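Summary of the model geometry
Listed below, chain by chain, are the residues.
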Amino acid sequence: MGGLPIPCICFQCGTDQNPCHCKVVGPTIGFGTAIILAVICWPASLFCGCCMSERGKKMLGAPVELSGKVSNAIPI
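The written sequence of each chain sets the order in which its residues are numbered from 1. Thresholds applied to this predicted model are a pLDDT of at least 70 for local features of residues and 80 or more for the giving and counting of side-chain atom pairs; totals over whole chains, interfaces and linings are not thresholded and use all residues. The basis for the side-chain values is all heavy atoms of the structure; hydrogens and waters are excluded.

**Some details on helix H1 (residues 25-47)**
Worth spelling out the cut-off: Strands are runs of DSSP state E lasting at least 2 residues, helices are runs of H or I lasting at least 4, and numbering of each runs from the N terminus. What a helix is expected to span follows from its residue count: subtract one and scale by 1.5 Å. Bend, at a single residue, is the angle you get between axes fitted to the 7 residues ending at that residue and the 7 residues starting at it. Throughout, a residue-residue contact means that at least one pair of heavy atoms, one from each residue, lies within 4.5 Å.
The end-to-end C-alpha distance of H1, which contains 23 residues, comes to 33 Å, matching closely the 33 Å that a straight helix rising 1.5 Å per residue would cover. Roughly 30° is the biggest bend found in H1, and it falls at Ala38. On its buried side, H1 packs onto strand E1 (12-13), strand E2 (22-23) and helix H2 (54-73).

**Re H2**
Three- or four-residue spacings in an α-helix give side chains the same orientation, since the helix completes a turn every 3.6 residues. Selection rule: Residue exposure (1.4 Å probe, protein chains only): buried if accessible area is under 20% of the type maximum, exposed if over 50%, otherwise partly exposed.
For H2, which comprises 20 residues, the first-to-last C-alpha distance of 27 Å matches the rise-based estimate of 28 Å (1.5 Å per residue) to within 8%. If you look at H2, its biggest bend is around 50°, right at Gly61, and the proline Pro63 turns up within four residues after that. Buried residues of H2: Gly56, Ala62, Pro63, Ser67 and Ser71, and no others. Looking at the buried residues of H2, the elements they touch are E1, E2 and H1.

**Thoughts on the packing of H1 against H2**
The test is simple: Comment: axis = line fitted to C-alpha atoms, over the contacting stretch for helices; angle = value between 0 and 180 degrees taken between N-to-C directions. For classification, angles of less than 35 degrees are called roughly parallel, those exceeding 145 degrees roughly antiparallel, those between 65 and 115 degrees roughly perpendicular, and all remaining angles oblique. Asp, Glu, Lys and Arg are counted as charged, while Ala, Val, Leu, Ile, Met, Phe, Trp, Tyr, Cys and Pro are counted as nonpolar; the rest, among them Gly, fall into the polar class.
H2 packs onto H1 with a crossing angle of 170° between their chain directions and a minimal axis gap of 7 Å. On the basis of the axis angle, H1 is roughly antiparallel to H2. Every residue of H2 that contacts H1 at Gly26, Pro27, Ile29, Gly30, Thr33, Ala34, Leu37, Ala38, Cys41, Trp42 and Ser45 is listed here: Gly56, Met59, Leu60, Ala62, Pro63, Leu66, Ser67, Val70 and Ser71. The residue inventory of the contact of H1 with H2, partitioned by class, reads 13 nonpolar, seven polar and no charged.

**Concerning the environment of Ile29**
Take Ile29: it is sitting in helix H1. According to the relative accessible area criterion, Ile29 is partly exposed, its value standing at 42%. Sequence separation between Ile29 and Ser67 is 38 residues, and the spatial gap between their C-alpha atoms is 8.0 Å. Residues contacting Ile29, with those up to four places away along its chain left out, are Val70 and Ile74.

**Re unusual backbone geometry**
Backbone geometry follows two general trends: most residues other than glycine have a negative phi, and most peptide bonds adopt the trans configuration. Positioned with a positive phi, His21 is a non-glycine residue whose angle comes to about 60°. In this structure, His21 sits in the loop between E1 and E2.

**Concerning the confidence of the model for the protein**
Selection rule: Confidence of the prediction at every residue is given by pLDDT, a number between 0 and 100.
Scored by pLDDT, the protein has a mean of 81; 88% of the residues are at 70 or more. Per-residue pLDDT, averaged within each element of the protein, yields its smallest value for E1 (84) and its largest for E2 (86).

**Examining the state of the cysteines**
Rule in force here: Here, a disulfide means two cysteine sulfur atoms that sit within 2.5 Å of each other.
Tallied over the full model, the rule gives zero disulfides. Free of any disulfide, Cys13 has its nearest cysteine sulfur in Cys22, 3.3 Å distant.

Right under this line is the structure:
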C-alpha cells in the first residue's frame, strides 16, 4: 500500500439546495479541486516571487475561491 491515497468524502448537511438538505458530491469535488490547485498555485506564486504583488496574493487565494465555487455549483 505504498502509493495508494486514502479516499476522502466530504459531507455538508443543513443546506437548502436540495430536498435532502445534504450534499456529498459537490463538497468532495470541491475539496479535490482545492488540493490540486494548491499543489500548483502556491509553489508557482512563491517561486516566481510574485507573492509581494496583488496578483500574487490573489494566486495564493485561488484554490479557496475556486473550490467554493465548485462546491456550490453542484447541488447534490
